[in-house]
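Structural features, examined
Listed here are the chains, written in short residue letters.
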Number of protein chains: 2
Amino acid sequence: MQISKRGLDIQASPIRKLKPFADAAMARGTHVYFINIGQPDIETPPAVWDAIKNFDERVLSYGPAQGFPEVRQSIADYFAEYGIALTADEIIITVGGSEAIHYAFSVVSDPGGEIIVFEPFYTNYNGFASFADVKLVPVTLRAEDGFRLPPQKEIESRITAKTRAILINSPSNPTGVVYSREETKRIVDLVKKHNLYLIADEVYKEFVYDGLSHTSVLEFEDILDRVIVVDSISKRFSCCGARIGALITRNPDIYQAALKFAQTRLCPPTVEQMGALAAYRMGKDYFEPVRKEYERRRDVLCSGLSDYPGIILHKPSGAFYVNVKLPVRNTEHFVQWMLTDFSLDDQTVMTAPSQGFYATPGKGLDEVRIAYVLKEEDLRKAIRVFIAGLEKYQSLF
Amino acid sequence: MQISKRGLDIQASPIRKLKPFADAAMARGTHVYFINIGQPDIETPPAVWDAIKNFDERVLSYGPAQGFPEVRQSIADYFAEYGIALTADEIIITVGGSEAIHYAFSVVSDPGGEIIVFEPFYTNYNGFASFADVKLVPVTLRAEDGFRLPPQKEIESRITAKTRAILINSPSNPTGVVYSREETKRIVDLVKKHNLYLIADEVYKEFVYDGLSHTSVLEFEDILDRVIVVDSISKRFSCCGARIGALITRNPDIYQAALKFAQTRLCPPTVEQMGALAAYRMGKDYFEPVRKEYERRRDVLCSGLSDYPGIILHKPSGAFYVNVKLPVRNTEHFVQWMLTDFSLDDQTVMTAPSQGFYATPGKGLDEVRIAYVLKEEDLRKAIRVFIAGLEKYQSLF
């Protein structure tokens, strides 16, 4: 009687594993600034709360496996604002973007297949790869290059007969990098040339700064049948706990296969779909002040960190993360030490060691991911405490 | 560029696939009695709605991967009312019972492993088996035997070196059978003897009639480390759309592995967990009038059908389904014909062909599952229309 290999091998959340040390710090009365996780402090829009509270039915019943038609239509309308034509029947509502990733992996690959991914990447791709028994084949990006895409040859060298798809995530968690149209086009060319699927996690599509704009893979008409896009309301509308996302594809065979996976779990949450409906119907204008707020925070964080000797940080233009190289040997030790041994004016800071965002063992040991999810004033305090901690740590180790 | 084998092989919902014919009937103005799916018409308790509407936070944020502690504690308290001692740390809140089934399969077995199941069974076990790439090995039950367990030898004959678990579901969907303590004990003995896990889907535990009581596998202290129980608020509290269930295990290794799967999808829905908290806190007394209502419906349905010549139906004591053998050759054709070609006073009936509840090809061809989820008056009308349709069909085919 054993636990399955996949149950043993699947990673524990590297983001959550240091949490007990943070809990202990708080129990000692230390204030902890949490800039380790992507939980925004932005208020969930009143329209979302109203939709949830005004849901008026007698029976909280099952909805369709693919989600309510009006919710799917609201997503199509939302993409139309970006000049992307979709129908409701090209959209499946999923339990968070998470489930869409799981379905995408499972539809494009059988157990043993390979998916190319650029590391550092969103750590839960690892979990879903284990769950779906597919292998993530990493192409390593470098802090020194600002985590931009490497030359085409380097990506192509990782493609094998087992490769089923390339997975991209722009704007990127954890690097904050926004791929240019040219970079996106390079990936589009690769999937065409090598006959692969393209999975694009675009959940941060509005989180783009410096006057840049996000290029969706849905804009490339010549690969429509190859594309699966992952969307989510979690970050965009500060609805992380709603667990509403979407899988978008114009390939009817992919759609039908994903729908069958969706049918096994009956339907996404009914009440929270009403919240999602209200959120998508707010349209893209809602996001403008939120975007400005994050851009300001990004500036505060980057200017607060970049002068420190030994820190390598190319100011990124998207999402709400930076992946920073620090002048320490092992950030897991450093992050833990900040929680167990350091405080300044009874305050400390929790960041996320970056090892968990790499698939290649030994990569990212000297990096942390920082999420700028606190309001400007708190962020400034957190940076001050962080820098003081880093100085102290360097003097000790 | 192909769809994965699992994406092609996974079954489309056999319950939902005839739905378009029902839609067409309704479009013609025919009233359709839906007794094909397990969507109760019982009102969701006001306490659940109040909890959802009174949820008062600024940010709809992530909760813990294993669910909120107070929700897990409310489930432990609920089981305590049945004399079963659990701690909150033996419970993971899942996205419906569905997700708990998926985790259970994935934790006890790697791809290629086998799980013994008694057919006919809840059809979505098939979907999760495909998703998790495990093989369901069916032991066939027979309508003529009232779908009781076969002799121990017959079950043991299906156990191989690849067998990882036995899956039981009592009260059963689709048969309505409630295993006696002796029957449950026989399964307990088998998993001990053959060193297997025992997965028990007990979501219908309160739906037990005729003065019987449900035996939980959690009552057998000698197999505590082998047991995974699937629970759900969907049917019990008429909260199907909430998507809140639970995986329960006292084996810490199973718990930790399941938790890692849970961490990949971050958390279950936050607002709907508040509804679940209110539901579990109502305690078992809430269910008594609901139980009586279903028992009455069961009596109405069984007495309405059992006199018809050629119908084989042993009145079952649980859940809200009966799996009935009809005097027709192919119930898929019959059920479709009822929707496309038959009506009585502009009314017809949709039932579920039972083939989808069997893993063995060719089984269940002359059976339908009927869910008594309509109020008594509607159920009586539905039976009258169903019998009239069956008579007509027999005269034609």
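Further up the page is the structure itself.
Overview of the structure. The structure displayed is predicted, hence computed values, not measured ones.

When helices and strands are counted, chain A shows 13 helices and twelve strands. For 397 residues, the compact-globule estimate of 2.2 N^0.38 gives 21 Å, and the C-alpha radius of gyration of chain A, at 21 Å, lies within 12% of that figure. In terms of overall dimensions, chain A has C-alpha extents of about 60 × 55 × 55 Å along its principal axes. Every one of the 397 residues in chain A was classed for burial, and the buried ones make up 56%. When contacts within chain A are restricted to residue pairs at least 6 apart in sequence, those whose partners lie at least 24 apart make up 76%.

Residue and element names in this part refer to chain A. With 13 residues, helix α9 (residues 252-264) should reach 18 Å at 1.5 Å per residue; the first-to-last C-alpha distance of 19 Å fits that figure. Counting buried residues along α9, ten of its 13 residues qualify, which places the element largely inside the surrounding structure. Within the span of α9, buried status applies to Ile254, Tyr255, Ala257, Ala258, Leu259, Lys260, Phe261, Ala262, Gln263 and Thr264. Two residues or fewer after α9 comes Leu266, characterised by a positive phi angle close to 75°.

Right, let's talk about the sheet that holds strand β12 (residues 367-371) of chain B for a bit. Residues and elements named next belong to chain B. Spatial strand order, β9-β12-β11: three strands in an open sheet with antiparallel pairing. Edge positions in the sheet fall to β9 (321-325) and β11 (352-353), since each has one partner strand and no second. Direction of pairing for β9 relative to β12: antiparallel, over a ladder of five bridges. Across the sheet, the residue bridging to Lys325 is Glu367, located in β12.

The subject of this paragraph is the pairing of strand β7 (residues 227-232) of chain B. Counting buried positions along β7 of chain B yields six of six residues, so the element is predominantly enclosed. Side chains Val227, Val229 and Asp231 of chain B of β7 of chain B all project onto a buried face; the interleaved residues Ile228, Val230 and Ser232 of chain B project onto the opposite face, where all are buried too.

Another point: the interface of chain A and chain B. Accessible area lost during the coming together of the parts is what is often quoted as the interface size. Taken together, the contact pairs 65 residues of chain A with 65 residues of chain B. Mapped onto the side of chain A that touches chain B, the elements with two or more residues apiece are α1 (5-9), α3 (46-53), α5 (96-108), α6 (124-132), α9 and α10 (270-281) of chain A. Per-element tally for the side of chain A that touches chain B: the top contributor is α9 of chain A, with seven residues.

So, about the sheet that holds strand β6 (residues 197-201) of chain B. Residue and element names in this part refer to chain B. Read from one edge to the other, the open sheet built from seven strands follows the order β2-β8-β7-β6-β5-β3-β4, with strand pairing classed as mixed. Either end of the sheet is taken by a strand with one partner, and the two such strands are β2 (91-94) and β4 (135-140). Averaged over all neighbouring strand pairs, the angle between strand axes comes to 25°, with direction disregarded. Where β6 and β7 come together, four bridges link them in parallel fashion. In the strand pairing of β7, Ile199 is matched with Ile228. In the packing of helix α4 (residues 69-80) onto the sheet, contacts are made with β2, β7 and β8 (245-248), and the angle to β2 comes to roughly 115°.

Criteria and thresholds
- Residues numbered from 1 in each chain as written.
- Chains lettered and ligands numbered in written order.
- Predicted model: local features only at pLDDT ≥ 70, side-chain atom pairs only at ≥ 80, totals over all residues.
- Helix = DSSP H or I, 4+ residues; strand = E, 2+ residues; numbered from the N terminus.
- Rg over C-alpha atoms; globule rule 2.2 N^0.38 Å.
- Buried ≥ 20, exposed ≤ 12 C-beta atoms within 10 Å, placed from the backbone.
- Contact = placed C-beta atoms within 7 Å.
- Expected span 1.5 Å × (residues − 1).
- Pairing = 2+ DSSP bridges.
- Axes fitted to C-alpha atoms, helices over the stretch in contact; angles between N-to-C directions.

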